[in-house]
Amino acid sequence: MNILKKMSVLMLTFAMLFTFSACGSKTDVGSQGESQGVDGEIVWDCQFLDSSSHPMIILMREWSDKLYEETDGRLKVNIRVGGELPFTTSEYLDAVSNGSIQMAGCMVTAISSYLQAGGLTSVPFLVTDVESYETVMDILNPYVDEELSSYGVFNALNLFYPTQDIYGSGATPSSYKDLQGLKLRTSGAEQAKFWQNVGLLPSSIDASEVSSALNTNVINGVTTATMAVEMNKWYESLDWVYMCYPMLSPVYTVVNQSAFDSLPSDVQEIFLKVCEEFNATFNQRMQDYSDQSLANLEELGLEVVYATEEERDELRAIAMPQWDEYASTAGGKAEEALAAIKTALGY
């Protein structure tokens, strides 16, 4: 009997150890929704709207790998693609703010209602290329930091989607005046308002429905970046692109402040250093992706029409009253920031 009892105790102990070991191999949810991995590894989620093959995801996963390496595996950030987590683009900021996730790439056009000065980049012809983007963000960064802090987050990375030009079917336009009456899928209220002022007919259609909308003539144009047209194969239903460089679409990569503050101090320093290094190369790399995508579209048969400088000046003149209107409506320090931007850009 004693032998049997000893065997029973040993078997029970082994079973308990196995259970504890198995539990320890899983990730445990910590503060602010973060997970604790094996050997104390901290695991974060970072949400973006793109598919896994999009350059934004490719570049962000490079950033994540570099961060993991530099922290010796102590901080792992999973870059989540569109649809992987149950949040729409307009919900990303709230999800980070309430700690459901630790990071997200928030398109300014999707969160402009949360911001004042920080939302200025959602208006057309203010940020039109990498140079103007860098100039504007140098001015806006302090305003963005102040405004985002009220949601318990901060902006770790200034990113962007490349220029949102006009792609259409039918007769090729020779100038923007030939675009009047085009049924155009737009993104964001300010973009829609601008193209309506130019004489186009904007509508809001989910990206997943663009192909069918083009094929059924619900729309006959879309304003977007080169990579979206190529990767979604929208070029199969389009004939031309009018390149007038109306706006880059900035992305604020927000981080939950409490989650960041809970990191060991040396990991915080490494995080900020890796972000700074990534930002130093991102702009040109993303622009290179866009340029290559445009070349690919041209090879696929899309006719490329470039707006003249005179046409772009005329379009900017249409847009500028909208800048002032946005700034006065947004409140906060938006008008102050816009004045500084105008001076820096020479307007």
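Everything quoted here is computed from the prediction, not taken from an experiment. (Residues numbered from 1 in each chain as written. Predicted model: local features only at pLDDT ≥ 70, side-chain atom pairs only at ≥ 80, totals over all residues. Heavy atoms only, no water.)

What follows covers the packing of aromatic side chains. Within the structure shown, the criterion is met by 11 aromatic pairs. Pairing Tyr-114 with Tyr-151 gives two aromatic rings, centres 5.5 Å apart and planes at 70°, and the pair type is edge-to-face. Placement of the pair is Tyr-114 in the loop between helix H4 (108-111) and helix H5 (130-149) and Tyr-151 in the loop between H5 and strand E6 (153-161), with a sequence separation of 37 residues. Their ring planes at 65° and their centres at 5.0 Å tell us that Tyr-133 and Phe-160 sit as a pair that is edge-to-face. With Tyr-133 in helix H5 and Phe-160 in strand E6, the pair connects residues that are 27 residues apart, well separated along the chain. The exposure classification of Tyr-133 matches that of Phe-160, with both residues buried. Cluster of aromatic residues (ring-pair linked, three or more members): Trp-44, Trp-63, Phe-154, Phe-260 and Phe-271. The cationic tip of Lys-76 hangs over the ring face of Tyr-68; the distance from NZ or CZ to the ring centre is 5.6 Å. (Phe/Tyr/Trp six-rings, centres within 6.5 Å; stacked < 30°, edge-to-face > 60°. Helix = DSSP H or I, 4+ residues; strand = E, 2+ residues; numbered from the N terminus. Buried < 20%, exposed > 50% of the residue type's maximum accessible area, 1.4 Å probe, protein only. Lys NZ or Arg CZ within 6 Å of the ring centre and 35° of its normal.)

Before going further, it helps to examine the pattern of salt bridges. One pass over the full model with this rule turns up 12 salt bridges. Two residues, Glu-70 and Lys-273, come together in a salt bridge whose shortest N-O distance is 3.4 Å. Taken as a pair, Glu-70 in helix H2 (residues 55-70) and Lys-273 in helix H10 (residues 265-299) lie far apart in primary sequence, 203 residues in all. For Lys-273, a relative accessible area of 35% corresponds to the partly exposed category. A salt bridge links Lys-273 to Glu-277; the shortest N-O distance between them is 3.4 Å. You can see Lys-273 and its partner Glu-277 sitting in helix H10, four residues apart, about one turn around the helix. Connected through shared salt-bridge partners, Lys-66, Glu-70, Lys-273 and Glu-277 make up one network. (Salt bridge = Lys/Arg side-chain N within 4 Å of Asp/Glu carboxyl O.)

Okay, the sheet that holds strand E8 (residues 183-185) next. Strand pairing in a sheet takes place through backbone hydrogen bonds and is either antiparallel or parallel in direction. The strand order across the open sheet built from six strands is E9-E8-E10-E7-E11-E13, with neighbouring strands paired in mixed fashion. Sheet topology places strand E9 (201-203) and strand E13 (303-306) at the edges, where each strand pairs with a single neighbour. Here the average twist between neighbouring strands, direction ignored, is 25°. Bridge count for E8 against E9 is three bridges, and the pairing is parallel. By the bridge assignment for E9, Arg-185 is matched with Ser-203. (Pairing = 2+ DSSP bridges. Axes fitted to C-alpha atoms, helices over the stretch in contact; angles between N-to-C directions.)

Let's shift gears to H5. For the α-helix, the turn length of 3.6 residues means that residues three or four positions removed from each other point alike. Along H5, the sharpest change in direction is near 50° and occurs at Leu-140; proline Pro-142 comes one to four residues later. Looking at the buried positions of H5, the neighbouring elements they touch are helix H3 (92-97), E6, strand E12 (249-256), H10 and helix H12 (334-345). (Bend = angle between axes of the 7 residues up to and from the residue. Contact = heavy atoms within 4.5 Å.)

Turning to the nonpolar core, a few remarks are in order. Proteins that are soluble and globular tend to have nonpolar side chains buried together. Trp-44, Phe-48, Met-60, Trp-63, Leu-140 and Phe-271 are the most contacted members of the largest nonpolar core, which totals 90 residues. If you tally residues by element for this core, the top one is H5, at nine residues. Each residue touching Leu-140, except ones within four places of it in the same chain, is listed here: Ala-117, Leu-120, Thr-121, Tyr-252, Ala-337 and Ile-341. Counting residues in hydrophobic clusters, the runner-up holds 18 residues, among them Tyr-167, Val-241, Leu-294 and Leu-297. (Core = buried A, V, L, I, M, F, W, Y, C linked by side-chain atoms within 4.5 Å.)

Read these as layout, nothing more, since geometry by itself doesn't imply function.
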